[in-house]
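Here is what each chain is made of, one letter per residue.
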Amino acid sequence: MTDPFFQPVSAMELARFAGVPTFMRLPGMTLDHARIAEVDIGLVGIPWDGGTTNRPGARHGPRQLRDYSTMIRAMNPVTGVAPFAMMNCADLGDVAPNPVDIEDTLDRVASFYTDLTARGIIPLTAGGDHLTTLPVLRALAKSGPLGLIQFDSHTDLFDSYFGGHKFTHGTPFRRAVEEGLVDPKRFVQVGIRGTAYNTEDIEWGEAQGIRIIRIEELFDRGIGDVMAEVRGIVGDAPTYCTYDIDFVDPTFAPGTGTPEIGGPNSFQAQQVIREMSGINLVGADLVEVSPPFDASGGTAWLGISLMFELLCVLAQAVDARR
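Please read all numbers here as calculations on a predicted model, not as lab measurements. (Residues numbered from 1 in each chain as written. Predicted model: local features only at pLDDT ≥ 70, side-chain atom pairs only at ≥ 80, totals over all residues. Heavy atoms only, no water.)

### Topic: the overall build of the protein chain
Secondary structure summary: the protein chain contains 10 helices and eight strands in total. Rg of the C-alpha trace for the protein chain: 18 Å, near the compact-globule value of 20 Å for 322 residues, within the 12% margin. Dimensions of the protein chain along its principal axes, counting C-alpha atoms only, are 55 × 45 × 40 Å. When each of the 322 residues of the protein chain is scored for burial, the buried share is 56%. Within the protein chain, contacts between residues separated by at least 24 positions form 77% of all contacts whose residues are at least 6 apart in sequence. (Helix = DSSP H or I, 4+ residues; strand = E, 2+ residues; numbered from the N terminus. Rg over C-alpha atoms; globule rule 2.2 N^0.38 Å. Buried < 20%, exposed > 50% of the residue type's maximum accessible area, 1.4 Å probe, protein only. Contact = heavy atoms within 4.5 Å.)

### Things to note about the packing of helix α1 (residues 61-68) against helix α10 (residues 298-321)
Following both chains from N to C, one finds α1 and α10 inclined at 75 degrees, their axes separated by 9 Å at the closest point. One finds that α1 runs roughly perpendicular with respect to α10. In contact with Q64, L65 and Y68 of α1, α10 contributes A300, W301, G303, I304 and M307. Here the contact of α1 with α10 is built from residues that sort into six nonpolar, two polar and no charged. (Axes fitted to C-alpha atoms, helices over the stretch in contact; angles between N-to-C directions. Parallel < 35°, antiparallel > 145°, perpendicular 65-115°, else oblique. Nonpolar A, V, L, I, M, F, W, Y, C, P; charged D, E, K, R; others polar.)

### Thoughts on the pattern of salt bridges
As enumerated under the stated definition, the model contains 22 salt bridges in all. Between R35 and D3 there is a salt bridge; the shortest N-O distance is 2.3 Å. Residue R35 is found in the segment before β1 (41-46), and its partner D3 is found in the segment before β1; the two are separated by 32 residues along the sequence. Of the residues examined, D3 reaches a relative accessible area of 23% and is grouped as partly exposed. Among the ionic pairs, E216 bridges to R214, the shortest N-O distance being 3.2 Å. Take E216: its relative accessible area is 42%, and that puts it in the partly exposed class. Salt bridges linked by common partners bring D159, K166, R174, R175, E178 and E200 together as one network. (Salt bridge = Lys/Arg side-chain N within 4 Å of Asp/Glu carboxyl O.)

### Notes on the sheet that holds strand β5 (residues 182-192)
Overall, parallel pairing links the eight strands, which are arranged β2-β1-β3-β8-β7-β4-β5-β6 in an open sheet. Whereas interior strands pair on both sides, the edge strands pair on one side only; in this sheet they are β2 (89-94) and β6 (211-214). Taking the axes of each pair of neighbouring strands and ignoring which way they run, one obtains an average angle of 15 degrees across the sheet. Bridge count between strand β4 (residues 146-151) and β5: five bridges; the pairing is parallel. Paired with F151 across the strands is V190, a residue of β5. Contacts between helix α8 (residues 223-234) and the sheet are confined to β4, β5, β6 and β7 (239-244), with β5 contributing the most and set at about 165 degrees to the helix. (Pairing = 2+ DSSP bridges.)

### Details of helix α4 (residues 133-140)
A large share of α4 lies buried, amounting to seven of its eight residues. The set of residues buried in α4 consists of T133, L134, P135, V136, L137, A139 and L140.

### Remarks on the packing of aromatic side chains
If you walk through the whole model with that rule in mind, you get 10 aromatic pairs. Between Y161 and F162, the aromatic rings sit 6.3 Å apart at their centres with planes inclined by 40 degrees, giving tilted as the arrangement. Joined through ring pairs, the aromatic side chains of F158, Y161, F162 and Y197 make up one cluster. Stacked on the ring of F293, the Lys or Arg R55 has its end atom at 3.8 Å from the ring centre. (Phe/Tyr/Trp six-rings, centres within 6.5 Å; stacked < 30°, edge-to-face > 60°. Lys NZ or Arg CZ within 6 Å of the ring centre and 35° of its normal.)

### Considering the pairing of strand β3 (residues 122-127)
Summarising burial for β3: six of the six residues are buried, a large majority. Because side chains alternate across β3, one face comprises the buried residues I122, L124 and A126, and the other comprises P123, T125 and G127, equally buried. Here β3 runs beside strand β8 (residues 281-287); their pairing, made up of three bridges, is parallel. If you follow L124 over to β8, its bridge partner there is A284.

### A look at the packing of helix α9 (residues 266-274) against α10
Running from N to C, α9 and α10 point in directions that differ by 20 degrees, and their axes come no closer than 9 Å. Considered as vectors, α9 and α10 are oriented roughly parallel to each other. In this structure, the crossing between α9 and α10 has a hand that is right-handed. For the pair α9 and α10, the contacting residues are S266, A269, Q270, I273 and R274 in the first and L302, L306, E309, L310 and V313 in the second. The residue makeup of the contact of α9 with α10, split by class, is six nonpolar, two polar and two charged. (Left-handed = near helix turned anticlockwise from the far one by under 90°.)

Here it is in structure tokens:
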């Protein structure tokens, strides 16, 4: 039987617009909570965008995602997955950032996720800009490099910005490969598009063995075929998924720092996640939702809906390892 404590508050009992919002109306817990050892999957916010090079605002993403998450229900009617019945899930709050120090914030995030990993809690994260993924990987990859699936319109493989600065939201996966956090032969990027500064990022990534799938290839081949290749690349070993909301076309997700036209629609954005069923996922994130650039809140609603899809495939992965 499922534990009532870990079940979301039902809209049949408390109206969606009432109460203090937590991710998907789950119990809010700190790491010193008496029942923290019972948590299987922890939803965490990283409200920080200190790596942003142009349009800031993703620091406000986790708060708006929590607000819009009151619309999420208990079951995925397409896949049949009911994650809250399968796993004990909880909102574990936000990592406290240092808004004036990039590397201190990275250390804070890595420390928080190292604690989660030691407790056996699988993280599902709401960013924050894409640099926030780097310290999460630092914590999760302590026992060896991970596979990585990245849905994005940008590679984030540049070496540096503004005369040698190594930590921006355009560099995290260059650092992750260099630090041995990610196996480049088990690293695939899907949806890359947009105008470019140059080809440095693509050339470096391909030289490491990273599989870079441009949006044109995704549309030409179709989601099913491409995602079959993705599953083959990462194999059965532990894998992380990072999902930048700018993977989705800005018609559907305008509230992001660096939108690029020509992307998937909101249904296709769900499909790619569902095609990850069966992958040995050890964590996932949804990043770069920037509320100031979408007054309607539609980007946050799409973002939290995609986080629910990620939660479903994470729950399947945890269940398969038991």
